[in-house]
Amino acid sequence: MSSHNEKLFFALQEEVSVRDKQDPETFANETKDDSTAPSLVCPTMRLRHHKIFRAVLLFAFALTCVAFAGHVEPVLGKTDGVTSILRPLSQPAQEIKETSLLVLAICGSIFAVVAGLLVYAIVRFRHRAGDELSEPPQVYGSNQIELAWTVLPILIVFVLILVTSRTVADIQNRKPPPTAVQATVIGHQWWWEIRYPELGIVTANELHVPASDRIGSRPTFLKLQSADVAHSFWVPQLSGKTDLIPNRENLMWIEPTIPGTYPGNCAEYCGTQHARMLIRVVVDSPREFEQWVREQQQPASVETNEAEGRKAFFGNSCVNCHTIAGTSAQGKFGPDLTHLMSRETLASGAATNTTDNLRLWVRDPQKIKVGCLMPNMQLTDNEVDQVVAYLQTLK
Ligand code: CUA
């Protein structure tokens, strides 16, 4: 026997002899769940209970997060309700949901079996009075069991790989039909630039797409780019998330069938106002979409009755950052304002587009969106009114 083993042997022997000499009553107390009894067992058990409780709490929290995932609403103004990943209304979101549910069912069954066996083992073989005196039967190895828990998981993982890769390939290999709408979405801190190169339209924060109907499939194919940091395009009811990465172009497509407004948001932390980088996908009927395209293709309206407002706008630094088509305002840093009033929201969904909010925004953008890159221009009340009046002509 080596000296190390020898030491271990004597230490064990000493522990056993201490136990043997113990008063029977104290010994019985140790096995009770009485927190006041002098006990060697209970603190560990309590710690274990504490850990289980914490794990259950964490699990419940995670479930709540999943249930509320995608819940977005403008900070000022009406909400658009919950945008649940569990209520998809477009491809590829529907296909993703079906795959997810199948994967969840398989993993859920495994969880139920494993947790069930674990609970059974904990209850059936729990600590009982007198257990210290005997040793449970010691079992070493079983070829059948080891074979089963090696082969079975391999088969399950193989099924999961096949199911997932079939869905991924289905979505990625979709080729745009000739009727498809092509749009480019560019992420900025903290708003979305939207371009339709084939239609000659530039807008922001509200992506209009046509609904596919029985007569024709008309998906929208998106090129995703970033002007600064990494963002992520996520409209839960239409599709999964796809990142917008600087110096890289990612692709995705959506094919909604039900007209309506679908809220989404940036799903990749991108700085202070990441949470208020909301995107709205407005799904129009094919006729409404054509009308929207025609309106957006018009040059900016030139109303002579807001000459003072025009002067205030073009006399300030607004033109350095914003474009108004057909005017000298050709800034690229902020959203295109050519048809500002056709949009339902301001500041990337942070506020609804009302006169009051627009005035608040022009006076001091930081009041609506702290840290946003549009500065307070220190305009006088009169100038604010004039600029707002001019902006409201941009229909
Ligand atoms: Cu953009 Cu987060």
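Note on numbering: residues in each chain are counted from 1, in written sequence order. pLDDT decides what is reported in this predicted model: residues at 70 or higher carry local features, side-chain atom pairs at 80 or more are listed and counted, and totals for whole chains, interfaces and linings draw on all residues regardless. Hydrogens are left out, water is left out, and the side-chain values use all remaining heavy atoms of the structure.

A.B. asks: Please set out the overall build of the protein residue by residue, giving values where relevant.
C.D. replies: Strands are runs of DSSP state E lasting at least 2 residues, helices are runs of H or I lasting at least 4, and numbering of each runs from the N terminus. Helices and strands together make up the secondary structure of the protein, namely ten helices and 13 strands. Each residue is placed in one exposure class: buried if its accessible area under a 1.4 Å probe, protein chains only, is under 20% of its type's maximum, exposed if it is over 50%, and partly exposed if it falls in between. Residue burial in the protein is summarised as follows: out of 395 residues, 34% are buried. What makes two residues a contact is simply this: any of their non-hydrogen atoms within 4.5 Å. Taking as baseline every contact in the protein between residues at least 6 positions apart, the subset at least 24 positions apart corresponds to 62%. Surface accessibility in these figures is a Shrake-Rupley result with a 1.4 Å probe; residues are shielded only by whichever protein chains are displayed. By element, 61% of the accessible surface of the protein is carried by carbon and sulfur atoms, the whole surface being about 23,700 Å².

A.B. asks: Talk me through the sheet that holds strand β11 (residues 278–284); I want residue IDs and the actual numbers.
C.D. replies: In this description, strands pair whenever DSSP reports at least two bridges between them. Spatially, five strands are ordered β5-β11-β10-β7-β8 in an open sheet, and the strand pairing comes out mixed. In this open sheet, the two strands that pair with only one neighbour each are β5 (206–210) and β8 (242–244). Neighbour to neighbour, the strand axes of the sheet diverge by 30° on average, direction disregarded. In terms of strand pairing, strand β7 (residues 231–234) meets β8 through three bridges, oriented antiparallel. Each residue of the ladder has a partner; that of His231, found in β8, is Leu244. To obtain an axis, a line is fitted to C-alpha atoms, over the contacting stretch when the element is a helix, and the angle between two such axes runs from 0 to 180 degrees between their N-to-C directions.

A.B. asks: So what about the environment of Ile161? Which residues, and what values?
C.D. replies: Relative to the assigned elements, Ile161 resides in helix α5 (residues 143–172). As for Ile161 and Val103, which are separated by 58 residues in sequence, their C-alpha atoms are 9.9 Å apart.

A.B. asks: So, the sheet that holds strand β1 (residues 90–91): which residues are in play, and what are the values?
C.D. replies: Strands sit in the order β1-β9-β6-β2-β3-β4 across an open sheet of six strands; the sheet is mixed. If you trace the sheet from one side to the other, it starts and ends with β1 and β4 (201–204), each paired once. The strands that helix α6 (residues 286–297) touches are β2 (181–188), β3 (191–196) and β4; relative to β4, the one it contacts most, it runs at about 100°.

A.B. asks: Quick rundown of the confidence of the model for the protein? Include the residues and the values.
C.D. replies: One number per residue, pLDDT, summarises how confident the predictor is, and it ranges from 0 to 100. Averaged over every residue, the pLDDT of the protein is 82; residues scoring 70 or more account for 82%. Within the model, pLDDT remains below 50 along residues 23–41, and this stretch shows 18 contacts once partners closer than five positions in the same chain are excluded. Across residues 72–79, where pLDDT falls below 50, the model places 24 contacts with residues more than four positions away in sequence or in other chains.

A.B. asks: Go over the pattern of salt bridges, please, and point to the residues and values.
C.D. replies: The rule for a salt bridge is simple: a side-chain nitrogen of Lys or Arg has to be within 4 Å of a carboxyl oxygen of Asp or Glu. Enumeration over the complete set of coordinates arrives at eight salt bridges. For the salt bridge of Arg280 with Glu344, the shortest nitrogen-to-oxygen distance reads 2.5 Å. One end of the pair, Arg280, is in strand β11; the other, Glu344, is in the loop between α8 (318–321) and β12 (345–346), and 64 residues separate them in sequence. Judged by its relative accessible area of 6%, Arg280 is buried.

A.B. asks: Provide a residue-level description of the pairing of β5, including the pertinent values.
C.D. replies: The buried fraction of β5 is high, at five of five residues. A two-sided burial pattern is seen for β5, the buried positions comprising Glu206, His208 and Pro210 on one face and Leu207 and Val209 on the other. The pairing of β5 with β11 spans five bridges and is parallel. Each residue of the ladder has a partner; that of Val209, found in β11, is Val283.

A.B. asks: Now, about a nonpolar patch on the surface: what can you tell me, with residues and values included?
C.D. replies: Together, Leu118, Val119, Ile122 and Val123 make up an exposed nonpolar region whose accessible area comes to about 370 Å². Topologically, Ile122 is positioned in helix α4 (residues 93–124). Patch membership is restricted to residues that have no salt bridge and whose relative accessible area is over 30%. Joining uses 9 Å for like charges and 5 Å for the nonpolar side chains Val, Leu, Ile, Met, Phe, Trp and Tyr.

A.B. asks: So what about the nonpolar core? Which residues, and what values?
C.D. replies: Take the buried Ala, Val, Leu, Ile, Met, Phe, Trp, Tyr and Cys residues and link them wherever side-chain atoms come within 4.5 Å; each set so joined is a nonpolar core. Among the nonpolar cores identified, the biggest contains 29 residues, and Trp192, Tyr196, Leu207, Leu222, Phe233 and Val281 are the most heavily contacted of them. Contributing elements (two or more residues each) for this core: β2, β3, β5, β6 (220–226), β9 (250–256), β10 (260–266), β11 and α6. Excluding residues within four positions of it along the chain, Leu222 makes contact with Ala183, Val185, Leu207, Phe233, Asn250, Leu251 and Met252.

A.B. asks: A description of the packing of aromatic side chains should follow, citing residues and the corresponding values.
C.D. replies: For Phe, Tyr and Trp, where Trp contributes only its six-membered ring, two rings pair if their centres lie within 6.5 Å, and the inter-plane angle classes them as stacked under 30 degrees, edge-to-face over 60, or tilted in between. Evaluated as defined, the whole model comprises eight aromatic pairs. Here the aromatic rings of Phe313 and Tyr390 are separated by 5.5 Å at their centres, their planes lie at 55°, and the arrangement is tilted. Here Phe313, found in helix α7 (residues 307–315), pairs with Tyr390, found in helix α10 (residues 381–391); they are 77 residues apart in sequence, far enough to count as distant. Comparing Phe313 with Tyr390 shows no difference in burial state: the two are buried. Connected via pairs of aromatic rings, a cluster forms that spans Tyr196, Phe289 and Trp292. Above the plane of the ring of Trp253 lies Arg174, whose end atom (NZ or CZ) is 4.7 Å from the centre. The rule is short: NZ of Lys or CZ of Arg within 6 Å of the ring centre and within 35 degrees of the ring normal puts a charge over the ring.

A.B. asks: Go over empty space enclosed by the protein, please, and point to the residues and values.
C.D. replies: The pocket and cavity definitions rest on a 1 Å grid over protein atoms only: a 1.4 Å probe that fits but cannot leave marks a cavity, an open set with protein on both sides within 12 Å along at least five of seven lines marks a pocket, and residues lining either have an atom within 4 Å of a point. Grid points are joined across faces, edges and corners, and a volume is the space filled by probe spheres set on the points. Under the criterion given, the structure shown has two cavities of 30 Å³ or more. Its volume calculated, the second largest cavity comes out at about 30 Å³. Those elements that place two or more of their residues in the lining of the second largest cavity are β5 and α6. Residue classes in the lining of the second largest cavity are distributed as one nonpolar, four polar and two charged. Under the scheme applied here, ten amino acids are nonpolar (Ala, Val, Leu, Ile, Met, Phe, Trp, Tyr, Cys and Pro), four are charged (Asp, Glu, Lys and Arg), and all others, including Gly, are polar.

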